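# Results of the structural survey
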Amino acid sequence: MHVALLGSEQDPQIKHVAMALSQSATPFYYANTAHFGTEWTISYDPDFDDGLIHFNSPSLCDQPRVTFSNTQAAYWHEYLPGTLKRTHATPDTKGTAAQSTDTERADTSSKSTTFEREFGWIEQERASTLLCWFSYTDIKWVNAIDAVRSHQCKPYQSRIAGKLGAHIPYTFVGNAPEVASQFCNNMREVIYKPVRGGRTAQFVNKQPNMRPLLNTLLSERPVTFQKYIGGVNVRSYVLGQDVLSVQIDSDELDYRNDDKASVSITIVPNEVQQLAIAICQALGMHWCAIDWRKSAKGKYFFLEANPSPYFLKVEQDTGLDITGRLVELLSKT
């Protein structure tokens, strides 16, 4: 039985987990989704309810192919979109761009748009084929695609955590300017976060009349506004029934912007540990990193649960054995 490693084989964390699996004599293979279709492929039989992963290089797996059913577990680190090369030559512009005719420029633009539509369609076909594998429930996905998608909607995570008893900062999510304006006026300090993620948090520069600015901003995209909680950052790594927590000290609002942020082991109350395990399980995860904001009064506010967190630097700085527990999750059914 093999363990699949979903991510780039050049990624430091993937390489680290691969080395740990090798040391525990656990067979594994790499599945870099950016190279799906070139370096590895899939064949799936829905009637037989099984499939094969085919490898074009021995560096990816010790066998030329592995069945879905012989994949014991899969470590989901990162999904990487594919790349598509143009299969047609670009039109001759007959010299410099300044000399191109309007017809030629329009033709180039039309072909570029057609190429982008084709790429989008092909990427959908790739993703749908991979879903045959991602949804194969006999594999222990660490973590499964539904858990990964929950992280793409942090308000959903907050709702689940809140139902389990977690404290949630006062939050606005949406693009209704009148409600957003009222929310900002009612809070002393407000921070902005993306709804899905991809950018770091920042303070909202409050002004006497924010409505015109909010009208412009929210006509472009929805936002998450949240009441600022003074205190310290705590991250709890949940691995099955184990909870390992660290405090992250930083002068920045978002410690991801701070190269000088320091990490140290911290002990969180037992009720917070049990809550972390309950949140992890409720979100369908075998492991995750939960970010808390601990207030000056010692209250823990839930921020998010990351289903595929980075952990190498935390291990290096603290000596916590996250790798060993992760490998145990992957190698035991």
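It should be emphasised that the depicted structure is a prediction, and the values quoted were computed from it without experimental measurement.

Each value, and the rule that gives it
- Residues numbered from 1 in each chain as written.
- Predicted model: local features only at pLDDT ≥ 70, side-chain atom pairs only at ≥ 80, totals over all residues.
- Heavy atoms only, no water.
- Buried < 20%, exposed > 50% of the residue type's maximum accessible area, 1.4 Å probe, protein only.
- Helix = DSSP H or I, 4+ residues; strand = E, 2+ residues; numbered from the N terminus.
- Pairing = 2+ DSSP bridges.
- Contact = heavy atoms within 4.5 Å.
- Axes fitted to C-alpha atoms, helices over the stretch in contact; angles between N-to-C directions.
- Parallel < 35°, antiparallel > 145°, perpendicular 65-115°, else oblique.
- Left-handed = near helix turned anticlockwise from the far one by under 90°.
- Nonpolar A, V, L, I, M, F, W, Y, C, P; charged D, E, K, R; others polar.

### Description of the pairing of strand β8 (residues 171-174)
Burial along β8 is one-sided: Phe 172 and Gly 174 are buried, while Thr 171 and Val 173, pointing the other way, are not. Pairing between β8 and strand β11 (residues 223-227): four bridges, direction antiparallel. Within the sheet, the bridge partner assigned to Val 173 lies in β11 and is Thr 224.

### Concerning the sheet that holds β8
The strands that make up a sheet are held in pairs by hydrogen bonds between backbone atoms, and each pair lies either parallel or antiparallel. Across the sheet, which stays open at both edges, the four strands sit in the order β8-β11-β9-β10 with antiparallel pairing between neighbours. Edge positions in the open sheet fall to β8 and β10 (202-203), since each of these has one partner strand only. Relative to β10, strand β9 (residues 190-193) runs antiparallel, the two being bridged by two bridges. The residue of β10 that forms the bridge with Tyr 192 is Gln 202. Against the sheet, helix α5 (residues 177-186) engages β8, β9 and β11, with an angle of about 20° to β11.

### A few points about the pairing of strand β16 (residues 300-306)
Counted residue by residue, β16 has seven buried out of seven residues, so it is predominantly covered. Pairing geometry for strand β15 (residues 287-295) and β16, over six bridges, is antiparallel. Looking across to β16, one finds that Ala 289 is bridged to Asn 306. Here β15 folds back onto β16, and the loop between the two strands holds four residues, one of which, Gly 298, carries a positive phi near 85°.

### Considerations on the packing of helix α1 (residues 12-23) against helix α9 (residues 322-331)
Where α1 contacts α9, the two axes come as close as 10 Å, and the packing angle between them is 65°. One finds that α1 runs roughly perpendicular with respect to α9. Judged by the twist between their axes, the crossing of α1 over α9 is right-handed. For the pair α1 and α9, the contacting residues are His 16, Val 17, Ala 20 and Leu 21 in the first and Thr 323, Leu 326, Val 327 and Leu 330 in the second. Residue composition of the contact of α1 with α9, grouped by class: six nonpolar, two polar and no charged.

### Some details on the sheet that holds strand β12 (residues 231-239)
On the basis of which strands lie adjacent, the open sheet formed by five strands has the order β14-β13-β12-β15-β16 and antiparallel pairing. Each of the sheet's edge strands pairs with one partner strand only, and the pair in question is β14 (262-265) and β16. Across the sheet, the mean angle separating the axes of adjacent strands is 25° when strand polarity is ignored. Alignment of β12 against strand β13 (residues 242-249), held across seven bridges, turns out to be antiparallel. Within the sheet, the bridge partner assigned to Arg 235 lies in β13 and is Val 246. Contacts between α9 and the sheet are confined to β12, β13 and β15, with β12 contributing the most and set at about 35° to the helix.

As far as function goes, none of this settles anything; it's purely spatial.
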